[in-house]
Amino acid sequence: MKLGIVGLPNVGKSTLFNSLTKAGAESANYPFCTIDPNVGIVPVPDERLKLLGDMYQSKKVTPAVIEFVDIAGLVKGASKGEGLGNQFLSNIREVDAIVHVVRCFEDANVVHVDGNVNPLRDIETINLELIFSDLEIMERRKSKVSKAARMDKTMAKEDALLTRIMEHLESGKMAKSMEVDDEDELELLRSYNLLTYKPVIYAANVAEDDLADDGASNDMVASVRNFAAGEDSEVFVICAQIEQEIAELDDDEKSMFLEDLGISQSGLDKLIAASYRLLGLMSFLTAGEDETRAWTIKIGTKAPQAAGKIHSDFERGFIKAEVVNYKDLLEYGSLAAAREKGLVGMEGKEYVVQDGDVILFRFNV
């Protein structure tokens, strides 16, 4: 899974990136200190892996990972070259979802590019820049398609769709709110990789005092939540500064620190949960002496396609999947013991994989 982090300068974007990835991206109190995109790979915390790894005494434990891409802060008019322009948006075209960091705290010592804090105005500023960037992509595509459309019915249909998408964007709306006529149009719309078609998770960056009640008493957070609800986006509340402190601690210290703050989850945990929900993802597990590993798949994936995540040969030659829930496996201490209790199923091609399934695939190529 790949997530792109966007936001205005000085909203806590690079501080959040640093804390999530411990990558040490430059972060300072002036705009545009992040010029090159910062990329960091983060393991997805999953206690099931450690428990299974210990049980099997696995030589290797491999978690699922998320790749974060942090780009320079965008300002109003970036599409027209203001600030550093929007050339960095190309760096997040390939992401699965966008994490939009929104400042929801007052601090006279941290400058705001627009002079005062207003989350909804900030969201609108970023959204407009994403729209302008998408319009550029659509204009280039349309100039190619329009020439071919005179002689080709399929191209003519795409040309008409491009016109509608451009009109939709020009009216200030995001591509994901656009209605399409059929599956062919939907497939085309997805293929353009538009930034405004990507799912969004808003990271409401608050002061430390607002963490304990998850931003419930912060009017700015409430306004972001209302806005996000209107477009089926996710919101999670963080204090980027605190996250950076958490990132320096080991697991035991981290638990105590979170307890002292009155919170149960770190920002990374909240973000991962939000992104899995938004993208409809879950993990199945494989376990053994050599390796215990988590594999991320879409909810609703059938056994052969899950096998294909491991290796294309597994999918091609799929015979059966031996499936046990990780809790049952841990409770009885071995696959053989769980099998004796009738807790291991031999599943075929139509089996829909469940979160927390531990699977042994049988295949023949």
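Chains are numbered independently. Their residues run from 1 in the order of the written sequence. Reporting in this predicted model follows two pLDDT cut-offs: at least 70 for local features of residues, and 80 or more for side-chain atom pairs to be given and counted; totals over whole chains, interfaces and linings ignore these cut-offs and use all residues. Side-chain calculation: all heavy atoms of the structure are included, whereas hydrogens and water are not.

A.B. asks: Can you explain the sheet that holds strand β7 (residues 234-238)? Please cite residues and give values.
C.D. replies: Strand order in this open sheet of six strands is β2-β4-β1-β5-β6-β7, and the pairing throughout is mixed. Here the strands that pair on one side only, and so sit at the sheet edges, are β2 (38-43) and β7. Sheet twist, expressed as the average angle between the axes of neighbouring strands with direction ignored, equals 25 degrees. One ladder, built from six bridges, connects β2 with strand β4 (residues 65-70); its direction is antiparallel. Counted as the bridge partner of V42 is I66 from β4. By the convention used here, strands pair only if DSSP detects at least 2 bridges between them. A run of H or I in DSSP counts as a helix once it spans at least four residues, and a run of E counts as a strand once it spans at least two, with each numbered from the N terminus. Comment: axis = line fitted to C-alpha atoms, over the contacting stretch for helices; angle = value between 0 and 180 degrees taken between N-to-C directions.

A.B. asks: Just give me the short version of a negative patch on the surface, but keep the residues and values in it.
C.D. replies: Like charges within 9 Å and nonpolar side chains (Val, Leu, Ile, Met, Phe, Trp, Tyr) within 5 Å are joined into patches, using only residues over 30% in relative accessible area that form no salt bridge. Shrake-Rupley sampling with a 1.4 Å probe provides the accessible areas, and residues are treated as covered by the protein chains on show and by no other component. Salt bridge, as used here, is a side-chain nitrogen of Lys or Arg placed within 4 Å of a carboxyl oxygen of Asp or Glu. Counted as positive: Lys and Arg. Counted as negative: Asp and Glu, with His and the chain ends omitted from the count. Taken as the charge centre is NZ of Lys, CZ of Arg, CG of Asp or CD of Glu, depending on the residue. Side chains of E136, E139, E167 and E170 sit close together on the surface and give a patch of like negative charge. Every element with two or more residues in the negative patch is listed here: α3 (119-149) and α4 (153-170). With respect to the secondary-structure elements, E139 resides in helix α3.

A.B. asks: Describe the pattern of salt bridges, listing the residues and the values that go with them.
C.D. replies: For the structure on display, the rule yields 23 salt bridges. Ionic pairing is found between K2 and E67, a salt bridge with its closest N-O pair at 3.8 Å. Pair noted here: K2 is in strand β1 (residues 2-6) and E67 is in strand β4, with a separation of 65 residues, a long-range link. Residue E185 pairs with R164 through a salt bridge whose shortest N-O separation is 3.0 Å. One end of the pair, E185, is in helix α5 (residues 183-191); the other, R164, is in helix α4, with 21 residues separating them in the sequence. Only protein chains enter the calculation, and the probe is 1.4 Å; a residue is then buried if its accessible area is under 20% of its type maximum, exposed if over 50%, and partly exposed in between. Residue classification places E185 among the buried residues on the basis of a relative accessible area of 5%. Residue classification places R164 among the partly exposed positions, given a relative accessible area of 27%. One connected set of salt bridges, linked through shared partners, spans D46, R48 and D355.

A.B. asks: Outline the confidence of the model for the protein chain, supporting the account with residue identities and numerical values.
C.D. replies: Close reading of the predicted structure is inappropriate where its pLDDT is low. One number per residue, pLDDT, summarises how confident the predictor is, and it ranges from 0 to 100. With 90% of its residues at a pLDDT of 70 or more, the protein chain has an overall mean of 87. Low confidence marks residues 23-35, where pLDDT is under 50. Its contacts with residues over four positions away, or in another chain, come to 35 contacts. Contacts: residue pairs with any heavy atoms within 4.5 Å of one another. When the criterion is pLDDT under 50, residues 81-85 qualifies, and its contacts beyond four places in sequence or with other chains add up to ten contacts.

A.B. asks: I'd like a description of the environment of D357, backed by residues and values.
C.D. replies: You can see D357 is positioned in strand β12 (residues 357-363). Taking the C-alpha atoms as reference points, D357 and D328, 29 residues apart in sequence, are found 9.9 Å from one another. D357 has contacts with F284, L285, V323, V324 and Y351, leaving out every residue within four places of it along the chain. A distance of 2.7 Å separates a polar atom in the side chain of D357 from a polar atom in the side chain of Y351. We call two N or O atoms a polar contact when they sit within 3.5 Å, provided that within protein one can donate a hydrogen and the other can accept it, with sequence-adjacent residues counted only if both atoms are side-chain atoms.

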